[in-house]
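# Coordinate analysis (summary)
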Amino acid sequence: MNNSFAFPSPVGGVALDGDLGPSIGFAILYASLLPIFFIRFANKQSRTILGLNAVLTTIERVIVFSLRAKQSQTPAQQSSKTLATYMQVTIALAYIAVAQDTVSLLRCLYVNSTKGPTSHYADGAESPVGTTSSSQIPLSPSRSNRSSPVDRWEVQFDQPRKRAFYRRWTTILKLAFFGATISGIIGNIHYKGGMSNAGTANEVMISRYVSSSVSLVLLILVAILVIGVRRLPRVRSVHVAFILLILTCNASSAIFRLAFMYHRTTSLTSTAPGSGNTLSEKTTFYVFHMFSDWLACFMFLVPNVREIFNTDMWGDWRSKDPPPESESLRKRREAFRRDGEVVREMDLYA
């Protein structure tokens, strides 16, 4: 496709002959994360869905780079408006979805910092519900809590009101990311129409900038909150560094997009400066957008996020605390658990 009408340049350009190697490489790189996720998910002690968007992004990127590898060797596909639109939508939205999951990690830190001390676990390894009283809500349902060291600033009493505030606030913050997602969908799903209509091209340009700008502002806000949360009880430097690294990767993608998207081109296959297809533009795209997205997914899928953030499979998903169980029920649970441990020990020595 080659005409005199200038439309917004595709982020990442289109896959030309020189993109075969990088496309295969990134397809393998993203695909390598999937076995690790399945191993983590199969293990009860590391099973979690806190990084669900990272999983979906990984699968989507394997598909995208497989298509780009084929596109690089198929001239007809290099001019495909439909394929270009699909690429722009998927590339634009993935990092926002992964960034949204960092709020879930932040929420775990907030909520855990408000839970009072406890000496027992009411519901075993898989349930985050409360114990006999609101002051004895367990910090985490995971077994790692049993051996975790005492924090420098330990919670002396339960803080249910503060916990409820944190939950409302993080829910609002997570929903705010949908503003970036919706504008990103609007700005990229009409990309095909923007190639031949000036009005639609301007709409694409504006919407894409709104999406990336909103996402960057939210990323900075979450980063500020993460830095501030480091003084709360039970929050360690590894928690802060972990989330900040993911946010840095996400911000890299947003900044790259903001720096590039003002360009226009007259052809998807143009190699003129600003087309997205020059060597320098492709290099910065792969490094500051695709690799940074991969690293963010890596952080969610490879480390044991469940253990690091002292949570369960679902994270902190409740809008409010469950009602405390009765003392008699708690004692029965403890007796049942002790009996089960005795039976297991007898089996070991049988």
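Refer to the structure presented above.
Okay, so let's go over this structure. What you see is a predicted model; the values in this text were computed from it and never measured. (Residues numbered from 1 in each chain as written. Predicted model: local features only at pLDDT ≥ 70, side-chain atom pairs only at ≥ 80, totals over all residues. Heavy atoms only, no water.)

Glancing now at the overall build of the protein chain. From N to C terminus, the protein chain includes 12 helices and two strands. Along the chain direction, N to C, the helices and strands of the protein chain fall in the order β-α-α-α-α-α-α-α-α-α-β-α-α-α. Looking at the protein chain residue by residue over its 350 residues, the buried ones come to 52%. Considering only contacts in the protein chain between residues 6 or more positions apart, those separated by 24 or more positions represent 82%. Accessible area of the protein chain: about 16100 Å², with a carbon and sulfur share of 66%. (Helix = DSSP H or I, 4+ residues; strand = E, 2+ residues; numbered from the N terminus. Buried < 20%, exposed > 50% of the residue type's maximum accessible area, 1.4 Å probe, protein only. Contact = heavy atoms within 4.5 Å. Areas by Shrake-Rupley, 256 points an atom, 1.4 Å probe, with all protein chains shown as cover.)

A few words on the nonpolar core. Membership of the largest hydrophobic core comes to 61 residues, with the highest contact counts inside it found for L105, V222, I246 and F309. Mapped by element, the contributors of at least two residues to this core are α1 (20-31), α2 (33-42), α3 (52-72), α5 (81-112), α6 (160-189), α8 (198-229), α9 (237-260) and α10 (279-301). Ranked by residue count, the leading element in this core is α5, at 13 residues. I246 has contacts with V98, T102, L105, A296, M299 and F300, leaving out every residue within four places of it along the chain. Counting residues in each nonpolar core, the second largest holds eight residues, with Y191, M195, V204 and L268 among its members. (Core = buried A, V, L, I, M, F, W, Y, C linked by side-chain atoms within 4.5 Å.)

A few words now on the packing of α5 against α10. Closest axis-to-axis distance for the α5/α10 pair is 11 Å, and the angle between their directions is 35°. α10 is crossed by α5, and the crossing has left-handed handedness. On α10, the residues that touch I91, Y95, V98, D101, T102 and L105 of α5 are F285, H289, M290, D293, A296, C297 and F300. Of the residues in the contact of α5 with α10, the class split is nine nonpolar, two polar and two charged. (Axes fitted to C-alpha atoms, helices over the stretch in contact; angles between N-to-C directions. Left-handed = near helix turned anticlockwise from the far one by under 90°. Nonpolar A, V, L, I, M, F, W, Y, C, P; charged D, E, K, R; others polar.)

Two quantities define a packed helix pair, namely the angle between the helix axes and the distance between the axes. With their axes 8 Å apart at the nearest point, α1 and α3 run at an angle of 160° to one another. The pairing of α1 with α3 is recorded here as roughly antiparallel in orientation. Handedness of the crossing formed by α1 with α3: left-handed. Residues L20, S23, I24, F26, A27, Y30 and A31 of α1 form the contact with α3, whose own contacting residues are T58, R61, V62, F65, S66, R68, A69 and S72. (Parallel < 35°, antiparallel > 145°, perpendicular 65-115°, else oblique.)

Take it as geometry only, folks, not as evidence of what the structure does.
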